[in-house]
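Structural description and commentary
Here is what each chain is made of, one letter per residue.
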Amino acid sequence: MPTEQNLIGRNMHTLLFMHIRHALKTGIACLMAYWVSNLLNLQFALWAVISTIIAMQGLSVADSVQHSLMRFSGMGIGAVIGMGLLLIAPDSPILLGLELFAITSLGAYLMRYGLRYMLASTAMCIMLLGGKMMQHSPQAMSGAVDMADPIIYGLILVAEVAIGVACALLVSVTLWPVRLGDTLRDDLNSQLGHCADLLDRVVDNYLDEQTHLSYKLVEALTLQTWSNHERMNKVRTVEAHIYRYEHKGLRLQVKAIDRSVEALNGLLDALNEYDEEPLAPMLGTEIRALADGLISALHHLAGEEAYAQATGIVRDISDGVVNAEQRLGQLRKTDEFRELPLHRVLQLYAFYQILRHLSEELLLIMHNMRSLAEKPVKKRKRRHRLVHK
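Overview of the structure. (Residues numbered from 1 in each chain as written. Predicted model: local features only at pLDDT ≥ 70, side-chain atom pairs only at ≥ 80, totals over all residues. Heavy atoms only, no water.)

**Brief notes about the packing of helix 8 (residues 180–208) against helix 11 (residues 284–302)**
Formally: For every element, the axis is a line fit to its C-alpha atoms; helices are fit only across the contacting stretch, and the angle between N-to-C directions ranges from 0 to 180 degrees. Note on conventions: DSSP H or I runs of at least 4 residues are helices, E runs of at least 2 residues are strands, and numbering of each starts at the N terminus. We call two directions roughly parallel when the angle between them is under 35 degrees, roughly antiparallel when it is over 145, roughly perpendicular when it lies between 65 and 115, and oblique otherwise. A contact between two residues is defined here by any heavy atoms of the two lying within 4.5 Å. All residues other than Ala, Val, Leu, Ile, Met, Phe, Trp, Tyr, Cys, Pro, Asp, Glu, Lys and Arg, Gly among them, are scored as polar; the first ten of these are nonpolar and the last four charged.
Direction vectors running N to C along helix 8 and helix 11 enclose 170°, while the axes themselves pass 8 Å from each other. Between helix 8 and helix 11, the angle falls in the class roughly antiparallel. Here Asn189, Leu192, Gly193, Cys195, Ala196, Asp197, Leu199, Asp200, Val203, Asp204, Tyr206 and Leu207 of helix 8 lie close against helix 11, whose contacting residues are Gly284, Ile287, Arg288, Ala291, Leu294, Ile295, Leu298, His299, Leu301 and Ala302. A breakdown of the residues in the contact of helix 8 with helix 11 according to their chemical character gives 14 nonpolar, four polar and four charged.

What follows is the structure, given as structure tokens:
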């Protein structure tokens, strides 16, 4: 089994190659933008190259698409408004200074709602300053294209931005594409395995020692859940329209991690709530059996057979809940159970109910994963029942 240092070294090696390939892709995309601009005899190839660099900021295809759309929409809106200002506003240095002040201030304020607003203000400044310069340049009016015309100047700016964005998208999608869905799937599988290991450790601690465990055990996973949702949203809204692969299964894996992290935090709360001498847990055998079923379910969701039928795991979890309920009913009638302090009873119920709720969630997720591999049905299936009468 690989050690933690080997895994870290392997990940760093892979990340290094990803950055090297991304650097080569950025250079190739910039060369393409420059050559296309020269081929079309455009005046300012630099805007195409700059747009390409901005659009290639993200490593993944989803990030490149988002940066490209943001760059094109922001620059396009700014260029149109800048053309209007050049046509309407009189030629006055004082008025130009006031326009620049208002545009840059407004763009900086609106950046809180998105970077495209700052890009729009940048495009307006480029239009105003460049357009004024062209209007006072004899060389601008002597060429084949009248660059002193604000409309011509603005259209050329938009065209070069479109060329840069198109080159960035073409290279990002076709040359060594880094699919965010693939990296997310690997991360989710790793996190599910980590959840299984932590669940095993917390349950062992409760059954054997009942000593406190640090919340730092789950802290890294808790932070990763936020990143999972952010990346999942990019996969669903961007990459799913470019590459045809199943992303609903990823959403179910993200949900499984969310529920597992919630359960782990709740188990730690129940475990760390009281600092007393450990007592032999009355529901130890049943809790251990139920936890083993949940651990198997997490490993199943993280494996290559996540979409396959897992009849044995479903049966183990369902039987574990049934046995625990029956045993709990028997314990309520014993004097030993009635003599327990109230906080001990609450701890036992909290620990078991958290595991039971996680069982329901994981069974439902496994059922939905299996449904994705089958043909869609018109009727919605009912929630998987744990306890059978």
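**Focus: a nonpolar patch on the surface**
How we decide: Patches in this entry comprise residues that are over 30% relatively accessible and not in a salt bridge; like charges within 9 Å are linked, as are nonpolar side chains (Val, Leu, Ile, Met, Phe, Trp, Tyr) within 5 Å. Accessible areas in this description were obtained via Shrake-Rupley with a 1.4 Å probe; residue shielding takes into account the shown protein chains only. Salt bridges are identified by distance alone: a Lys or Arg side-chain nitrogen within 4 Å of an Asp or Glu carboxyl oxygen.
Where nonpolar side chains cluster on the molecular surface, the patch consists of Leu16, Ile20, Leu24, Ile28 and Trp176 and spans about 450 Å² of accessible area. Take Trp176: it is sitting in the loop between helix 7 (150–174) and helix 8.

**Considering the environment of Thr237**
Defined as follows: Each polar contact in these results corresponds to two N or O atoms within 3.5 Å; when the atoms are within protein, one needs to be able to donate a hydrogen and the other to accept it, and residues that are neighboring in sequence are counted only if both atoms are side-chain atoms.
Its place among the elements puts Thr237 in helix 9 (residues 216–237). In sequence terms Thr237 and Gln66 are 171 residues apart; their C-alpha atoms lie 9.9 Å from each other. Of the polar contacts made by the side chain of Thr237, one reaches the backbone oxygen of Asn233; its length is 2.7 Å.

**What about helix 9?**
Heads up, the rule is: The span you would expect from a helix comes to 1.5 Å times its residue count less one. Exposed residues in this analysis have more than 50% of their type's maximum accessible area, buried residues have under 20%, and partly exposed residues fall in between, with area computed by a 1.4 Å probe over protein chains only.
The first and last C-alpha atoms of helix 9 sit 33 Å apart over 22 residues, in line with the 32 Å expected at 1.5 Å per residue. For helix 9, the set of buried residues is Val218, Leu221, Thr225, Asn228, Arg231, Met232, Lys234 and Val235. Lining the buried residues of helix 9 we find helix 3 (61–88), helix 8 and helix 10 (248–272).

**Quick look at the pattern of salt bridges**
Pairing is possible between side chains of opposite charge, provided their charged atoms come close. Inspection of every chain in the model, using the stated rule, returns 11 salt bridges. Residue Arg259 is joined to Glu361 by a salt bridge in which the shortest nitrogen-to-oxygen separation is 3.7 Å. On the criterion of sequence distance, the pair formed by Arg259 in helix 10 and Glu361 in helix 14 (residues 342–373) is long-range, its members being 102 residues apart. By relative accessible area, Arg259 is classed as partly exposed at 25%. For the salt bridge of Glu360 with Arg356, the shortest nitrogen-to-oxygen distance reads 2.7 Å. Taken together, the residues Glu360 and Arg356, both in helix 14 and four residues apart, mark about one turn of the helix. With relative accessibility at 17%, the residue Arg356 sits in the buried group. By sharing partners, the salt bridges in this structure join Asp200, Asp204, Arg288 and Asp292 into a single network.

**Topic: the environment of Ile313**
Inspection of the secondary structure assignment puts Ile313 in helix 12 (residues 311–331). You can call Ile313 buried: its relative accessible area is 16%. Separated by 21 residues in sequence, Ile313 and Asp292 have C-alpha atoms that sit 9.4 Å apart. Those residues in contact with Ile313 that lie beyond four places of it in its chain are Gly293, Ser296, Ala297, His300 and Met366.

**Notes on the packing of aromatic side chains**
Let me state the cut-off plainly: When the centres of two rings from Phe, Tyr and Trp lie within 6.5 Å, Trp using its six-membered ring, the rings pair. Their planes under 30 degrees apart give stacked, over 60 give edge-to-face, and anything left gives tilted.
What the rule picks out here adds up to one aromatic pair. Relative to Phe351, the ring of Tyr206 has its centre 4.0 Å away and its plane inclined at 15°; by these criteria the two rings are stacked. Highlighted residues: Tyr206 in helix 8 and Phe351 in helix 14, separated in sequence by 145 residues. The same class applies to Tyr206 as to Phe351, namely buried.

**What to know about the environment of His212**
Assignment of secondary structure puts His212 in the loop between helix 8 and helix 9. C-alpha of His212 to C-alpha of Leu268: the two residues are 56 residues apart in sequence and 8.0 Å apart in space.

**Structural notes on the nonpolar core**
Heads up, the rule is: Only buried Ala, Val, Leu, Ile, Met, Phe, Trp, Tyr and Cys residues count toward a nonpolar core, and they belong to the same one when joined by side-chain atoms within 4.5 Å.
Residues Leu199, Ile287, Leu301, Phe351, Leu355 and Leu362 are the most contacted members of the largest nonpolar core, which totals 67 residues. When residues of this core are traced back to their parent elements, those giving at least two are helix 3, helix 8, helix 9, helix 10, helix 11, helix 12 and helix 14. Residues within four places of Phe351 in sequence aside, it is in contact with Val202, Val203, Tyr206, Leu267, Ala270 and Ile287.

**Re unusual backbone geometry**
In the Ramachandran plot, Trp176 falls in the positive-phi region, its phi being about 45° despite a non-glycine side chain. Overall, the relative accessible area of 38% leaves Trp176 in the partly exposed class.

**Topic: the side chain of Lys234**
Tracing the backbone through its elements, the reader meets Lys234 in helix 9. By relative accessible area, Lys234 is classed as buried at 17%. There is a polar contact of 2.7 Å between the side chain of Lys234 and the side chain of Asp63.

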